[in-house]
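Inside the fold
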Amino acid sequence: MVTPTVRLNPEQQEAVEHTEGPLLVLAGAGTGKTRVITARIAHLLRNGILPEQVLAMTFTNKAAREMRERIAGIVGEERAQFLTMGTFHSFCARLLRRHGEIVGLPRQYTICDSADQLATVRAALRELRVGEEKVKPSAALSQISLWKNQLIGPEQALDLPGDDRDELIARAFRKYEASLRRSRVVDFDDLLLMTLRVMREDAKLLGRLQEQYRYLLVDEYQDTNGPQYEILRLLSSQHRNLCVVGDDDQSIYGWRGADVRKILRFDQDFPEAKIVRLETNYRCTPEILDAANKVIANNRARHPKELRAFEDSGVPVTWLGLYDELQEASMIVTEIRQTVERGEANFGDFAILFRTQSQPRAFEAELRRQKLPYQLTGSQSFFDRKEVRDVLAYLKLLANPEDEVSLLRVINTPPRGVGKGTIEALVGAATEAGSTANQIIDGLIADEASGPKIPPKAMKSLRELFGNLGSLRMQLAHGEPLSEIVAELLTRVDYKAEVERQYDDQQTREARWNGVLEVVDFAVNYTRQARKPTLDGFLEELALNAEDQREEAEEERPQAVSLMTLHAAKGLEWPRVYLVGFEEGTLPHKRSAAEGSVEEERRLAYVGMTRARRVLTVSWAEQRTRYGRPAPCHVSRFFFEATGETPHRGWVAADAAHPVR
DNA sequence: CGATTCCCTCTTTTT
DNA sequence: GAGGGAATCG
Ligand SMILES: Nc1ncnc2c1ncn2[C@@H]1O[C@H](COP(=O)(O)OP(=O)(O)OP(=O)(O)O)[C@@H](O)[C@H]1O
């Protein structure tokens, strides 16, 4: 029998076969690093390693799914299904569901999303009487997250040198942590941190995990942060079979605590490590690779590497300066349509990549106008819709009665006479007692004299709400299917009437209600495909994997133009790529330039350019609508770096005070 | 308490 | 240009 296999060059082959001991594959874009991981797992399985012994970390769950499919194609689905593969976060979430109690995490914990995190920070700042103009909640949240990822707790943060503002944020940090714990909620960072604590506190469990996961593999290692690295170090400390692959030039998550130095110092952490370098790029034409290499060569902090194109010469990179974002969109969409009409490509061969989430708007409008199929990846907007958040808050509250943010969100949605005064009284009583609004209300229901005085109408509504939640929880406990529960919930709170009350035109009502129905669809889908469907599991999927849930629910759209951010495009490739909005202020982004992280922006440009296999078009506009007003733009400095042209008179850098003269 | 209106901010990137 | 929050009135 001929075993199906993948083509590898000698260096890749060497990496695949070096199965014992630490291994670093450090190589540039498109050199086949991910292919090494895939082939290596297949190689392990062919050599008698059980799939249960393999743990592979990818950067997104989608990447994990694709890799699993590829491996299934080589060794068969019946074995591939037992591989442990996914993001660090989903691995940790699963581990905590089983073993979180070791660090005091109740089994029915819920994961809060970014909006809930922000609401918690906002509440903390309010409690400290810090105005939002003094400390922006979003800024406080990213500082808190950075601290957490550096393993700095609230008390240590308070001791850190800093100005008044830092101290306020540190105090908000303390309150933030306390609210999450009271609410039995963990944030994304907690998933990693608590896993780490579990591993450190329970040596026997750690031993079992080390025993089970004999072979660790990590893709995109350059974007691993401190806690993730620590988890890897603990898991691999006995057998040291840790294979990591990455490219320091593609490190684009520094703002989230990722530390490139980890990959550059791998041989210090693992002195016996074997290091493999791959120097042939199998993805891009020489023209594309040359332009990308010229850009990245301007970074000072990097490991220089050889990178040769395997492909034959193709067409030159197209540099396209246009009037505004409307012209940019119509020009590009028209070109895509005409290329497909000429039979030279399919819609799925195209990607439009951009720096920020505000950019796709014009492209979406134009794609719809010209009726081309497209897929916008990574858009949070669906989960930010009010009706979707409302329904999810109800579900989170069902799963976790102590979830304060969710309770406060739904307590008067639909309006049921529980107003500002009542809410303040409840929260005040909770804060004073160091408990939660849920417990105060439970107390009041048992004995109205036990807590703050609440208007009778509000009290009646709270009884009804809690009665409904209670009986739904009961049904849940009796194993009623999730989809039924969601439907029943909507009936009980009469959410449809709420949608109709809020919006008066029929079209909006329908659109909003469809959002609700889509959540119901997610639940149906999840119930169907999950091995053991639970509400906790469903919410976990939504928190860690929202994107996939939406995709599953939508009809297959195999031939569609891809639209995504440069961050989301990492690791992917298309025959034809448009890198749009190539402007000072956008790429490099104004804020990055101000923070002195232009090198990371340059890496983003490098990632974007190297996604293209055969045709790369880079575009910019002279003016762009910002906050509803047109603002002048200048082509990105990366254009000059790639082409060797010099800025003309009047060109202005994002971080410069004066135009070039 | 709830509905309406105005006004402000926001745009970095994500698990 | 949208969406959320504060202010204001019924
Ligand atoms: N030995 C090989 N021969 C031919 N093609 C290869 C070989 N190795 C990889 N490829 C192809 O090269 C392209 C890039 O591979 P892969 O995605 O594994 O690279 P990578 O190093 O992970 O890239 P990046 O870091 O840019 O995401 C893919 O299309 C892959 O199929």
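Residues numbered from 1 in each chain as written. Chains lettered and ligands numbered in written order. Predicted model: local features only at pLDDT ≥ 70, side-chain atom pairs only at ≥ 80, totals over all residues. Heavy atoms only, no water.

**Re the pattern of salt bridges**
Selection criterion: A pair is scored as a salt bridge if a Lys or Arg side-chain nitrogen falls within 4 Å of a carboxyl oxygen belonging to Asp or Glu. Segments assigned H or I by DSSP are reported as helices when at least four residues long, segments assigned E as strands when at least two residues long, and all are numbered from the N terminus.
Applying the stated criterion to the full structure yields 47 salt bridges. A salt bridge links Arg200 to Glu230, with the shortest nitrogen-to-oxygen separation between them at 3.5 Å. One end of the pair, Arg200, is in helix H10 (residues 188-201); the other, Glu230, is in helix H12 (residues 226-236), and 30 residues separate them in sequence. Through salt bridges with shared partners, a single network forms among Lys148, Glu177, Arg181, Asp187 and Asp190.

**A look at the pairing of strand E2 (residues 54-57)**
What counts here: Exposure classes here rest on a 1.4 Å probe applied to the protein chains alone. A residue is buried below 20% of its type maximum, exposed above 50%, and partly exposed in between. Two strands are counted as paired when DSSP detects at least two bridges linking them.
Residues Val54 and Ala56 of E2 are buried on one face, and the alternating residues Leu55 and Met57, pointing to the opposite face, are buried as well. Across four bridges, E2 lies against strand E6 (residues 215-218) in parallel orientation. Within E6, the position partnered with Leu55 by the bridge is Leu216. Inspection of the sheet shows E2 paired to strand E3 (residues 84-86) by three bridges, in the parallel sense. Bridge pairing in E3 links Leu55 to Thr84.

**A few points about the protein's contact with DNA strand C**
Note the threshold: We call a residue near a molecule or strand when any one of its heavy atoms sits within 4 Å of it. A 3.5 Å cut-off defines polar contacts: any pair of N or O atoms within that distance qualifies, except that in protein one atom must be a possible hydrogen donor and the other a possible acceptor, and neighbouring residues in sequence count only when both atoms are side-chain atoms.
What surrounds DNA strand C is the set Arg122, Tyr627 and Gly628. Tyr627 places a polar main-chain atom, nitrogen or oxygen, 3.0 Å from a base oxygen of DNA strand C.

**Quick look at the site of the ligand**
Inclusion rule: Only the protein chains shown count as cover for residues, with accessible areas throughout obtained via the Shrake-Rupley method and a probe of 1.4 Å. Residues are sorted three ways: Asp, Glu, Lys and Arg are charged, Ala, Val, Leu, Ile, Met, Phe, Trp, Tyr, Cys and Pro are nonpolar, and all the rest, Gly among them, are polar. An automatic or database domain assignment supplies the start and end points of every domain.
Close to the ligand lie 18 residues; Gln12, Lys33, Thr34, Arg35 and Glu573 are nearest. Within the backbone of Gly30, one N or O atom sits 2.9 Å away from an oxygen atom of the ligand. Within the side chain of Glu573, one N or O atom sits 2.6 Å away from an oxygen atom of the ligand. About the coverage of the ligand: the protein hides 87% of its 640 Å² of free accessible area. Per-class residue counts for the shell around the ligand are three nonpolar, nine polar and six charged. Split by domain, the residues of the shell around the ligand number at least three in each of domain 1 (10-95 + 192-278) and domain 3 (288-377 + 556-643).

**Observations concerning the protein's contact with DNA strand B**
The immediate surroundings of DNA strand B are formed by 29 residues, with Arg355, Gln357, Gly417, Thr422 and Arg591 found nearest. The sugar-phosphate share of atoms of DNA strand B within 4 Å of the protein amounts to 51%. Backbone polar atom of Gln357 to a phosphate oxygen of DNA strand B: 2.5 Å apart, as the coordinates give it. His567 is positioned such that a nitrogen or oxygen atom in its side chain is 3.5 Å from a base oxygen of DNA strand B. The set of elements that each furnish at least two residues to the surface near DNA strand B consists of helix H21 (420-433) and helix H29 (590-595).

**A short note on the confidence of the model for chain A**
Let me state the cut-off plainly: One number per residue, pLDDT, summarises how confident the predictor is, and it ranges from 0 to 100.
Across chain A, the average pLDDT comes to 90, with 98% of residues at or above 70. Looking over chain A, one finds the lowest element-wise mean pLDDT in helix H27 (residues 535-553), namely 79, and the highest in strand E15 (residues 574-579), namely 97. Both scores are given for the predicted complex: the pTM is 0.91, the ipTM 0.92.

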